[in-house]
Number of protein chains: 2
Amino acid sequence: MKLSVIGAGDVGTAVVELANDYDHTVTAFADSTSAVLSDDGIDSEAIIVKKRAKEPLGKSDPSSALSADYDVLIEATPTTLDDAEPAFSHVQEALERDRHVVLSNKDPMALRYQEVRGLEQESAGSVRFGATIGGTLPAIGTLEDIGKSHVTSINGALDGMANFILSRMTAEGLDYDHVLAEAQDLGVAESDPSFKAEGTDSAMKALILANLLWEDQEYTLVDVTVDGISDLTGSQLDLAREDGWTIRLMVELSESSVRVGPRLIREHSFLAPSGSFTAIEFETEHAGPISFTGRGTGGIETATMILSDVNKLPPN
Amino acid sequence: MKLSVIGAGDVGTAVVELANDYDHTVTAFADSTSAVLSDDGIDSEAIIVKKRAKEPLGKSDPSSALSADYDVLIEATPTTLDDAEPAFSHVQEALERDRHVVLSNKDPMALRYQEVRGLEQESAGSVRFGATIGGTLPAIGTLEDIGKSHVTSINGALDGMANFILSRMTAEGLDYDHVLAEAQDLGVAESDPSFKAEGTDSAMKALILANLLWEDQEYTLVDVTVDGISDLTGSQLDLAREDGWTIRLMVELSESSVRVGPRLIREHSFLAPSGSFTAIEFETEHAGPISFTGRGTGGIETATMILSDVNKLPPN
C-alpha cells in the first residue's frame, strides 16, 4: 500500500525505514516544517540521512502530505493532549478522503474516540491504533480477537520508562529523582518526564483501552483516577522487596472503572517487567487470563506494530 | 454464522455450549456414533445433558453433519497421527463445498499441510487453526500479525500437561512416574499419557508452527528431533533449582530446524509456566521478543480460541 507518514520523530522515521521491507511504499513524509512527496516512493535512505543531519525533509509544505496520493495515513506526530490537535484534523481529512488511518499518536482515540468512530462510519477508510499502546505489545489486536464482550478486566504495566525507573530503583535502592537523572544522562528518559512519571502516558493508554472495551460510554481524562510514581522512595521499594514484592505503575480497568497508580506486584510476576518492557493481562469471561510482554517503547518497535496494523487493512 | 461441530469431546462440547454467547448457531453436532441436526439451531442445553448422560446425540448418521447446512465446519475430533484421518477428509469435504473450516484437531496442518493449503486455494472457504496450539495461547494469530518473514525464531513450553508434571516434580522433588500417577488419580492426565510425555503433542504443535513459518518447505514428524520428559528424575530438577533453574519441555524453531526436548529454563522465567499454563516467545527481526502466556489446555479454553477464529472468517 501507499503510505503517507506524518511525524518524523523516532516512530515516523522508523516507519519510513522499514516500509519497503513490509512491501509498502512511502509516497509522502512530513515533519512540522516540510514534506517530501513522490508517487513512486520517496528515496527513504537519502531522506533519513537528511533527517539525521537536521536538514529539511523536502521542499513541500507539511500539509501537502495530507493531500498526497496514499492509501494509508500514518499519524505519528507527538501527543499534545487538550483537543487532540493536530492529530484529530489529520485523521478527519484522511477519512473524509476515504483513506485508512493508522495511529501511533494517542490523542484521537484517548480524547475524541466517539468523534473518530463517527467519521470512520461515514468513510470507506478504517482506523487502526494498535501502536498507541506502545511498542510491540499486541493489546488492541488481542482485545479484538478475544472479543470485547468476553474480556472482564485488564491490568497492565504499560509505561516502559516507569518500568525502567522502578526496576533501577529496586536494584540500587535509590530514590526516583536520582534514577531519573541517571536515565536522562543516558538518554533513556525525556528531559521533561512528568508526562510519564505523573501517570498521564498510562492514563492515555488506559483511556484508549476503556473506550474500545466499553464503547457505549465515552471516557476522558477526568474519568481516570491517576497517581504517579515521582514520590516513591528507594526505601519503599526495599521494604516491599523484603516480602517478595515490588512496585509497578499499573493501569487497571474493571467494572467500568479506570485507574492508574503504583501498585504492589509479586517480584517475579509477569506483570513486573524490567527494563523498558511492558506487560498486559486480560482476564477473560470463560478462559482465564491471557498475558503478553514485549518491548513497549522505541521507534522501531512501534513502527513494526504500525506496519502490522497496515497489513490488517482491506485494500482501498 | 452456522456451525457444524464434529467431535464431542471436551472441546466440541464446549463450542456447542458457548456458540450462542458468541452470536453463532450450531446447526449440526456429531460424535463418532450419531449426529443431531437442525437448520434453526440445535437445542444445545438439552443435547449437552444427553451427552453427559452418555446417550446418543441424535438419530442421524455422524456423516450427515458434513452435508448439513453450515458456514463453518468445526473439526474437533481427536488427533490420530498417521494419515491425519478422518480429520483430513472432513476438511476436504467442507472446502470442496466452499465452506470454512476451523480446526482444533492438529493432524491436518501438522501432517498434510500443503495438501490442505492446496484444497483451500481451490475453495471459496478458508481454514483457520489457532486452536491447534492449545487453549487460549494466541500463537497463530500473532505469527500472522507480526508477519512470518519478520519472525526469526520461536520458543515455547506448549504442553500444559508436561508443564503441570514438571512444576509438581520441582515443588515436591518427586520423579516423573510418581507425579504422573498422582495426576492420573486427579483426572488431570490421560490414562495413556505417552503422547504428551514423549513429546509427540509438542512435536505436532511445532510442525504446525514450522509449516506456517516456512511455508515453502513441508515439515513432517521425521523432521523433528524429539526427546520426552519421562526419564527425568526429581533429583535432576532439584540440582537445577539450586542454581535458579528449572526444566521445561520446550519447542524450538530456528533457522529451519525444529526440536522438542527438556531444556534448562530460568526458574522465574516467563517460559517456565506452572500449572497447566503454556507460554511462547517469538523473536522478531526488528522489535525483540514478544511473549504470551495463557491456559494452554481445557475444553472451554480451546473452544474460545475456536470461536475467536470463527470471528476472523469472512462471511460466506
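This write-up is about the structure you can find in this document. As the structure is a computational prediction, the values presented were derived from the model and not from experiment. (Residues numbered from 1 in each chain as written. Chains lettered and ligands numbered in written order. Predicted model: local features only at pLDDT ≥ 70, side-chain atom pairs only at ≥ 80, totals over all residues. Heavy atoms only, no water.)

**Concerning helix H4 (residues 87–96) of chain A**
- Every buried residue belonging to H4(A) is among A:Ala87, A:Phe88, A:His90, A:Val91, A:Ala94 and A:Leu95, and all of these are buried. Viewed along the axis of H4(A), the buried residues span an arc of 160°, placing them on a single side of the element. (Buried < 20%, exposed > 50% of the residue type's maximum accessible area, 1.4 Å probe, protein only. Helix = DSSP H or I, 4+ residues; strand = E, 2+ residues; numbered from the N terminus. Arc of directions from axis to C-beta.)

**Considering the relation of the copies chain A and chain B**
- Placing chain A over chain B gives an RMSD of 0.0 Å and needs a rotation angle of 180°, together with 0.0 Å of translation along the axis. Both chain copies can therefore be described as sitting about a two-fold axis. Residue A:Phe292 of chain A places its C-alpha closer to the rotation axis than any other residue of that unit, at 2.2 Å.
- Both copies share a contact surface, since 100% of the interface residues of chain A are interface residues in chain B too. (Least-squares fit on C-alpha atoms with pLDDT ≥ 70 in both. Contact = heavy atoms within 4.5 Å.)

**Section: the sheet that holds strand E6 (residues 127–128) of chain B**
All names here are of chain B.
- Read from one edge of the open sheet, six strands run E3-E2-E1-E4-E5-E6, paired in mixed fashion. Looking at which strands have only one partner, the edges of the open sheet turn out to be strand E3 (35–37) and E6.
- Two strands pair when backbone bridges link them, and strand E5 (residues 100–103) and E6 are joined in this way by two bridges, in the parallel orientation. Its bridge partner lying in E6, Val 101 is registered against Val 127. (Pairing = 2+ DSSP bridges.)

**Here's the deal with empty space enclosed by the protein**
- Inspection of the entire model under this criterion finds two cavities of 30 Å³ or more.
- Reported here for the largest cavity is a volume of approximately 300 Å³.
- Forming the walls of the largest cavity are 28 residues, and the residues nearest its centre are A:Asp145, A:Ile146, B:Pro138, B:Met305 and B:Ser308.
- Looking at the lining of the largest cavity, the elements with two or more residues in it are helix H7 (139–146) and strand E12 (288–295) of chain A together with helix H7 (139–146) and helix H13 (299–311) of chain B.
- In terms of residue count, the dominant contributor to the lining of the largest cavity is H7(B) (five residues).
- Reported here for the second largest cavity is a volume of approximately 220 Å³.
- Around the second largest cavity, the lining comprises 24 residues; the ones closest to its centre are A:Thr136, A:Met305, A:Ser308, B:Asp145 and B:Ile146. (1 Å grid on protein atoms, 1.4 Å probe; cavity = no way out; pocket = protein on both sides within 12 Å on 5 of 7 lines; lining within 4 Å. Points joined across faces, edges and corners; volume = space filled by probe spheres on them.)

**As for the packing of aromatic side chains**
- Per the stated rule, a full pass over the model turns up six aromatic pairs over all chains.
- Here the aromatic rings of A:Phe282 and A:Phe292 are separated by 5.9 Å at their centres, their planes lie at 90°, and the arrangement is edge-to-face. Taken together, the residues A:Phe282 in strand E11 (residues 277–284) and A:Phe292 in strand E12 connect sequence positions 10 residues apart.
- Between B:Trp214 and B:Tyr219, the ring centres sit 5.6 Å apart and the planes meet at 45°, which makes this aromatic pair tilted.
- You can call B:Trp214 buried: its relative accessible area is 14%.
- Here the basic side chain of B:Arg112 rests over the ring of B:Phe88, its NZ or CZ set 3.6 Å away from the ring centre. (Phe/Tyr/Trp six-rings, centres within 6.5 Å; stacked < 30°, edge-to-face > 60°. Lys NZ or Arg CZ within 6 Å of the ring centre and 35° of its normal.)

**Quick word on the interface of chain A and chain B**
- The interface of chain A with chain B comprises 27 residues on the first partner and 27 residues on the second.
- When the buried area of chain A at its contact with chain B is split by residue, A:Asp145, A:His286 and A:Ala287 rank highest and sum to 23% of it.
- Connecting chain A to chain B are two salt bridges.
- The partner of A:Lys312 in a salt bridge is B:Asp145, with the nearest N and O atoms 3.0 Å apart.
- Remark: the boundary between chain A and chain B carries eight residue pairs in polar contact (both at pLDDT 80 or more).
- Going through the elements one at a time, H7, E12 and helix H13 (299–311) of chain A are the ones with two or more residues in the side of chain A that touches chain B.
- With eight residues, E12(A) is the largest single contributor of residues to the side of chain A that touches chain B.
- The class makeup of the residues in the side of chain A that touches chain B is 11 nonpolar, 10 polar and six charged.
- The pairing of E12(A) with strand E12 (residues 288–295) of chain B spans five bridges and is antiparallel. Following the sheet pairing, A:Ile290 is matched in E12(B) by B:Gly294. (Buried area = accessible area lost by both parts, 1.4 Å probe. Salt bridge = Lys/Arg side-chain N within 4 Å of Asp/Glu carboxyl O. Polar contact = N/O pair within 3.5 Å; in protein donor to acceptor, adjacent residues only side chain to side chain. Nonpolar A, V, L, I, M, F, W, Y, C, P; charged D, E, K, R; others polar.)

**Considering the environment of A:Ala84**
All names here are of chain A.
- Note that Ala 84 resides in the loop between strand E4 (72–75) and H4.
- Residues Ala 84 and Leu 174, spaced 90 residues apart in sequence, show a C-alpha to C-alpha distance of 36 Å.
- Contact partners of Ala 84, with chain neighbours within four places excluded, come to Asp 107, Pro 108, Leu 111 and Arg 112.

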